[in-house]
Amino acid sequence: MATDPLRPGDEVPGIPEVDLSPPALVAFYKVTCPTCQMAAPPMERLHRTADGGFVAVVQDAHDRAAAFAREYGVSFASIPDEDPYPISRAWGVRVVPTLFATSEGRVEDLAESWDREGWARVAARFGELRGILVPAPSEEGDGLPPFRPG
C-alpha cells in the first residue's frame, strides 16, 4: 500500500459513484483480515447510525464482500477495490481497517487499525459535521479490545 496516508485537511480522491462532499465515514477493510472481521459489528453500528453517510471500501471482489456480509451479519454495501487497490492507494491506506471522517471533499480525521478511542473520535467528528448523534462504535466491556493492529 501507499506509504503516505491522507491526513486531516488533505483533499480526498474520488470513489466511483460516491459523493464525498457531504460529511461521510469511509471505512476500508479486507474480508480475510482478522481485525476487520472483529471490527465488522462496529462498522455495522456506524452504518446504522450514520444517516446514509457510511461508505465501505473492501479490498476484495464483490462476491467475497457479499460472503463477508452474510457471515458477519452486516447490511452495508461495499465498493470493491481489487488488487492493485487503486482506491486504497489513492487514499494512502497502509493498514486495514482504516476509518476516515470526511467533509466537503477533505479528510477531517482518521483512525488506522482497530483503535476504540480513535474510532470513537472519528465517529464523533462525523456526527458533529453531520449534526447528528453518532454513538461510539465500541465501548469498554463489549468484548472488543481497546486496540488491535490491522
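Worth saying up front: this structure is predicted, and the values here are computed from it rather than measured.

Glancing now at the sheet that holds strand S2 (residues 54-58). The mixed open sheet is built from 5 strands, whose spatial order is S3-S2-S1-S4-S5. Since the sheet does not close on itself, it has two edges, and those belong to strand S3 (78-80) and strand S5 (106-112), each with one partner. Taking the axes of each pair of neighbouring strands and ignoring which way they run, one obtains an average angle of 25 degrees across the sheet. Bridge analysis of strand S1 (residues 24-29) against strand S4 (residues 98-103) gives 5 bridges, and the strand direction is antiparallel. Within S4, the position partnered with Ala27 by the bridge is Leu99.

Take helix H2 (residues 40-49) next. By the burial criterion, the buried members of H2 are Ala40, Pro42, Met43, Glu44 and Leu46. Directly after H2, the chain includes Asp51, whose backbone phi takes a positive value near 50 degrees.

What follows concerns helix H3 (residues 62-72). Restricting attention to buried positions, one finds in H3 the residues Ala65, Phe68 and Ala69. Buried residues in H3, looked at end-on, bunch into an arc of 100 degrees, giving them a common side. Opposite its buried face, H3 presents the exposed residues Asp63, Arg70 and Glu71, each directed more than 90 degrees away. On its buried face, H3 sits against S1, helix H1 (34-38), H2, S2 and S3. Gly73 sits one or two positions beyond H3 and adopts a positive phi of about 65 degrees.

About the criteria used
- Residues numbered from 1 in each chain as written.
- Predicted model: local features only at pLDDT ≥ 70, side-chain atom pairs only at ≥ 80, totals over all residues.
- Heavy atoms only, no water.
- Pairing = 2+ DSSP bridges.
- Helix = DSSP H or I, 4+ residues; strand = E, 2+ residues; numbered from the N terminus.
- Axes fitted to C-alpha atoms, helices over the stretch in contact; angles between N-to-C directions.
- Buried < 20%, exposed > 50% of the residue type's maximum accessible area, 1.4 Å probe, protein only.
- Arc of directions from axis to C-beta.
- Contact = heavy atoms within 4.5 Å.

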